[in-house]
Amino acid sequence: MNSTKYHVLGDDEYEDDPSPKRASSPTTAAILMNRPRIFVVLNLILFAVSCGLLLARALLLLGATTPERLSPCKQQDLFYELLFPESTNTSDHCRIRRFDNSRTSIYRGPPSDEGDAAWNRIVKVNPFSIDIHTLRELQAPLNSTKLPESVGGGYMANLAVFHQLHCLKTIWQYTYLEYYKSRNELFSKPEVEIHHHLDHCVDLLRQALMCNPDTSIITFKSVEMQALPVPEYGLPRRCRDFEGILQWGLDHGVWPGAEGFHHDM
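Cut-offs used in this document
Residues numbered from 1 in each chain as written. Predicted model: local features only at pLDDT ≥ 70, side-chain atom pairs only at ≥ 80, totals over all residues. Heavy atoms only, no water. Phe/Tyr/Trp six-rings, centres within 6.5 Å; stacked < 30°, edge-to-face > 60°. Lys NZ or Arg CZ within 6 Å of the ring centre and 35° of its normal. Patch = residues over 30% accessible without salt bridge, like charges linked within 9 Å, V, L, I, M, F, W, Y side chains within 5 Å. Areas by Shrake-Rupley, 256 points an atom, 1.4 Å probe, with all protein chains shown as cover. Salt bridge = Lys/Arg side-chain N within 4 Å of Asp/Glu carboxyl O. Buried < 20%, exposed > 50% of the residue type's maximum accessible area, 1.4 Å probe, protein only. Helix = DSSP H or I, 4+ residues; strand = E, 2+ residues; numbered from the N terminus. Expected span 1.5 Å × (residues − 1). Contact = heavy atoms within 4.5 Å.

> Where do I start with the packing of aromatic side chains in this structure?
Aromatic ring pairs are defined here through the distance separating the ring centres and the angle between the ring planes. Going through the model one piece at a time under the given rule, you end up with 8 aromatic pairs. With 4.8 Å between their ring centres and 80° between their planes, Tyr 179 and Tyr 180 make a pair best called edge-to-face. Site record: aromatic cluster; members linked through ring pairs are Tyr 107, Trp 119, Trp 172, Tyr 176, Tyr 179 and Tyr 180. Over the ring of Tyr 179 we find Arg 183, and its NZ or CZ is 3.9 Å from the ring centre. Between the NZ or CZ atom of Arg 237 and the centre of the ring of Phe 99, over which it lies, the distance is 3.7 Å.

> It is not clear to me how a nonpolar patch on the surface should be interpreted in this structure. Could you clarify?
Together, Phe 99, Ile 218, Phe 220 and Tyr 233 make up an exposed nonpolar region whose accessible area comes to about 380 Å². Accessibility expressed as a relative area gives 53% for Phe 220, which makes it exposed.

> In this structure, what is going on with unusual backbone geometry? I would like to understand it.
As a rule of thumb, non-glycine residues mostly have phi less than zero, and peptide bonds are mostly trans rather than cis. With omega at 0°, the peptide bond leading from Gly 109 into Pro 110 counts as cis. You can see Pro 110 is positioned in the loop between strand S1 (94-98) and helix H3 (113-123). With a phi angle near 60°, Gln 139 is a residue other than glycine that sits in the positive phi range. Positionally, Gln 139 belongs in the loop between helix H4 (132-137) and strand S3 (155-157). In the Ramachandran plot, Met 225 falls in the positive-phi region, its phi being about 70° despite a non-glycine side chain. You can see Met 225 is positioned in the loop between strand S4 (219-221) and strand S5 (230-232). Using a relative accessible area of 85% as the deciding quantity, one classes Met 225 as exposed.

> Can you help me understand helix H5 (residues 160-174) in this one?
Quick reminder: α-helices carry 3.6 residues per turn. Residues three or four places apart thus point the same way. If you check H5, its first and last C-alpha atoms are 22 Å apart, about what 15 residues at 1.5 Å a residue would give, namely 21 Å. Regarding H5, the residues found buried are Phe 162, Leu 165, His 166, Cys 167, Lys 169, Thr 170, Trp 172 and Gln 173. Elements that come into contact with the buried residues of H5 comprise H3, helix H6 (177-180), helix H7 (191-211) and helix H8 (242-252).

Pasting the structure below:
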């Protein structure tokens, strides 16, 4: 009786097998051995993400204490939050305007009672009150001037545009010094004090213009008897609604004659 012998087949003995070869699958032991490595990799990823979030938070807190790192237009946005709390788009409060270069503008000379009234209307706007939350949002000093309780309390604030217009009005009046010398208390002071105030105004307006540069494009036109082309100022441009801002200031201003409060714009 012939005994049957068995031997292990080599890989080459499968070459004639027409059936496709199946990829070898990992054993249970291999999976168990690799699992700790997966956990290590996942832990490293989570640790890196946590460190990134912590760093981002630290940078955010650092930026919040630095005035130069205010979010874009943050101070302007705060005003619109006060003026139009229901709106989220400040572009809704803009108007299309054309600049007027007419020599008959009420804001030009020669001086008159009508001109003074026009200037006073856009300049003499009383300050308003803000709460401690807004004060912190503005990163203003915590020792800012407080308003008396007789006018509602809070902190004294105003919009920069009205101070800037005050400065522009003062500079314009100085060009008609003889007329305004007895009408503006500043011009009765020594010349050095007058120029100190005017220098302040000019430099303040310079900074305001550079802070909010008008990037409206202007064209030029040739005019007879003019050697060089002159700017065309009357093109339509997108402006903030100044009349709406002015009205808000008038509606929310604090009466300057209230007890314990002196206002000198």
